[in-house]
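# Notes for the structure review
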Amino acid sequence: MEVSRTNSDNNSPPTWSRGFKLLVSALVAFHLAAVFIAPMSFAVRPGSPAIDPLRAALAPYIQALYLDHGYAFFAPDPDPSHLVEYRLEFADGTPSRTGRFPDRHEHFPRMLYHRHFMLSESLNTYYAPPEAPRFPASMPAEERAQELQVWRTARARFEALRDSYARHLAAEQGAASAEVHRLRHDFLPPSQFTNQRDPARPYKLDDPRTYQDLDAAPALLPSPLPAPTPKFLPGISPLPGDTR
Amino acid sequence: MNAIVSATKSWFTDALQAWERFWFTPTRPETLALIRILGGAMLFYTHFVWGLKLNAFLGPHAFIDNATALQLQEGWYSWSYLWYIESPALLWTLHIAALIIFALFTLGLFTRVVSVLAFVVTLAYCHRLHGAQFGLDQVNAMLATYLMIAPCGEVYSLDRWRRLWRSGQWPAPRAFISTNIATRLIQLHLCILYLFGGISKLRGQMWWDGSAVWGAIANLEYQSIDLTWLAQYPWIIAALTHITVFWETFYCFTIWPKWSRPLTLALAVAVHGGIALGLGMVTFGTAMIIANMAFVSPALVAAVVNLVARNRVREQGRGGESAAHSPGSLAADRRSNPAPAR
């Protein structure tokens, strides 16, 4: 493919024909378009009439080459982390056992710990509430049906993922069944790490009060930590999809 | 009117010539070879770690079993041979084969073939292990894709030793256009990655009010070094936050000029080094630094490697003349390969 002469043959550098360069240029431009459109489509969520058609056209290439990323690392803001807590029930009378992952003491090396961490984060990412969303009466029936289908698909995927985790944990530890819950681990404000900390509130990163069971029955939920007050610059409204 | 037409024509001609120079200038192989060694080692380690709990991640009763993995990616254009593997024995056989491929890739043996296999295997694991991945896998896949395009085993490789064995003399490193194209693709991919990494942060409040870095420091699940003492110095947290988001957002502009490139790369090492040491993502931080090496010129890489090689030879008590004939020496290169500047 490439005309390359070793420099011991002669001193002229390798060359490509103009036609071949045109072909390579087109391929390169196509590839870079895919590399760009992938994160762009994340950035313009829920959608953009300019980007969505391009994304749809390039989707096979983007997904096949594992380019489908938003690169939104710790963005728009660093989030609390999410863990998985599980309870194992045994058929032979062994007392039930609870566990949690990721666990830095159990999972070594660090990359293995991080893989478990990503599994717990994925379970939260895929979460869809058990109840169907409610829609305003003014919403057209067709749109309502579409939104319902979106919710059904999302909920099915979450349940499949959760149940897959449960099957693995039960199989791994010889249990009859496993129940999986999502935990959210809130981080503390800097003031709790200075001499101005409020001793009535948590001031250690692993204080049990900083963990919230997101799947517990409402009556069992501990008092949540006060949520940080959203702060926005004067005159600037939050963007769609902001969680704060 | 003629002046306008002439100026327009001149602009198009200049643009085409710039495109030609940017993409189609033959480039020496040292930078890409170094990325191959380091990126290949990272690929090997990444997949070695999967093997520590292979059944938990890929077995029939994995955290995300094959059926669930397929359901999560229903309608996607992804594919993995691992979806069809249920036998633990076959799984282990394929996994060991994958590790051998990554080892050969790192060492640079049969590189042209092995680089393609490394790309296929990398993507297969990425598609199968959806749900357990993070930024490291994105960078691994990026490097595996682009290293496949070029002869990245041209130097610093067992393939070069094979050519010595066949020809009886050290082959001069050859400059290839494809080497340049692969390098440029890594560079531009990084620019796009950082651009969207930066502008996505700009949509958050914490990256503006200076508290975002605290959100990482105070996250116990990420923490590998306790930096909560920085709470006493909020101005440091804010400075780190602002520098990070501005460096990331404007990376695609500051990485190109010669005067700002060293500073941009130094900040890349600082940011990713901080991620590696402080947030426990040693592999991700290292992989990003490896990718950033695409902006280091092959001449500089060769000079550093030759310096290290010469120092090691001197330490072993051999003369300077022998060092001039050591593999990849600058003197040997100058005799036979006046490669064009980048």
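This structure is a prediction, so every number in the text was calculated from the model and none was measured.

On to the packing of aromatic side chains. Summed over all chains, the structure comprises 32 aromatic pairs over all chains. Note on Phe36(A) and Phe196(B): the rings are 5.2 Å apart at their centroids and 65° apart in plane angle, and the pair reads as edge-to-face. Of this pair, Phe36(A) sits in helix H1 (residues 18-43) while Phe196(B) sits in helix H9 (residues 177-201), on two different chains. Overall, Phe196(B) belongs to the buried group, its relative accessible area being 3%.

Evaluated as defined, the whole model comprises five cavities of 30 Å³ or more. Size it by volume and the largest cavity reaches roughly 70 Å³. Lining the largest cavity are Tyr86(A), Phe101(A), Glu106(A), His107(A), His116(A), His168(A), Leu169(A), Glu172(A), Gln173(A), Lys53(B) and Phe63(B). It is helix H4 (residues 141-173) of chain A that contributes the most residues to the lining of the largest cavity, four residues altogether.

Turning our attention to the pairing of strand E3 (residues 177-185) of chain A. As paired strands, strand E1 (residues 81-89) of chain A and E3(A) are joined by nine bridges and run antiparallel to one another. Across the sheet, the residue bridging to His82(A) is Arg184(A), located in E3(A).

This part covers the domain arrangement of chain B. Residues and elements named next belong to chain B. Under the domain assignment used here, chain B contains domain 1 (27-66 + 80-175) and domain 2 (192-295). Of note, the centres of domain 1 and domain 2, computed from C-alpha atoms alone, are 28 Å apart. A combined buried area of about 970 Å² lies between domain 1 and domain 2, and 91% of that area is made up of carbon and sulfur atoms. Three residues, Ile35, Met42 and Val139, lead the burial of domain 1 against domain 2; their summed loss comes to 39% of the area buried on that side. The interface formed by domain 1 and domain 2 contains zero residue pairs in polar contact (both at pLDDT 80 or more). Where the side of domain 1 that touches domain 2 is concerned, the elements lending two or more residues are helix H2 (30-52) and helix H7 (135-147).

With that settled, consider unusual backbone geometry. Residues and elements named next belong to chain A. For the bond from Phe101 to Pro102, the omega torsion is 5°, close enough to zero to count as cis. Positive phi, close to 55°, is recorded for Tyr71, a residue that is not glycine. Following the sequence through the fold, Tyr71 ends up in the loop between helix H2 (52-64) and E1. The exposure class of Tyr71 is buried, given its relative accessible area of 3%. The backbone phi angle of Phe74 is positive, close to 55°, even though this residue is not glycine. Here Phe74 lies in the loop between H2 and E1.

Conventions adopted
Residues numbered from 1 in each chain as written. Chains lettered and ligands numbered in written order. Predicted model: local features only at pLDDT ≥ 70, side-chain atom pairs only at ≥ 80, totals over all residues. Heavy atoms only, no water. Phe/Tyr/Trp six-rings, centres within 6.5 Å; stacked < 30°, edge-to-face > 60°. Helix = DSSP H or I, 4+ residues; strand = E, 2+ residues; numbered from the N terminus. Buried < 20%, exposed > 50% of the residue type's maximum accessible area, 1.4 Å probe, protein only. 1 Å grid on protein atoms, 1.4 Å probe; cavity = no way out; pocket = protein on both sides within 12 Å on 5 of 7 lines; lining within 4 Å. Points joined across faces, edges and corners; volume = space filled by probe spheres on them. Pairing = 2+ DSSP bridges. Domains from an automatic or database assignment. Buried area = accessible area lost by both parts, 1.4 Å probe. Polar contact = N/O pair within 3.5 Å; in protein donor to acceptor, adjacent residues only side chain to side chain.

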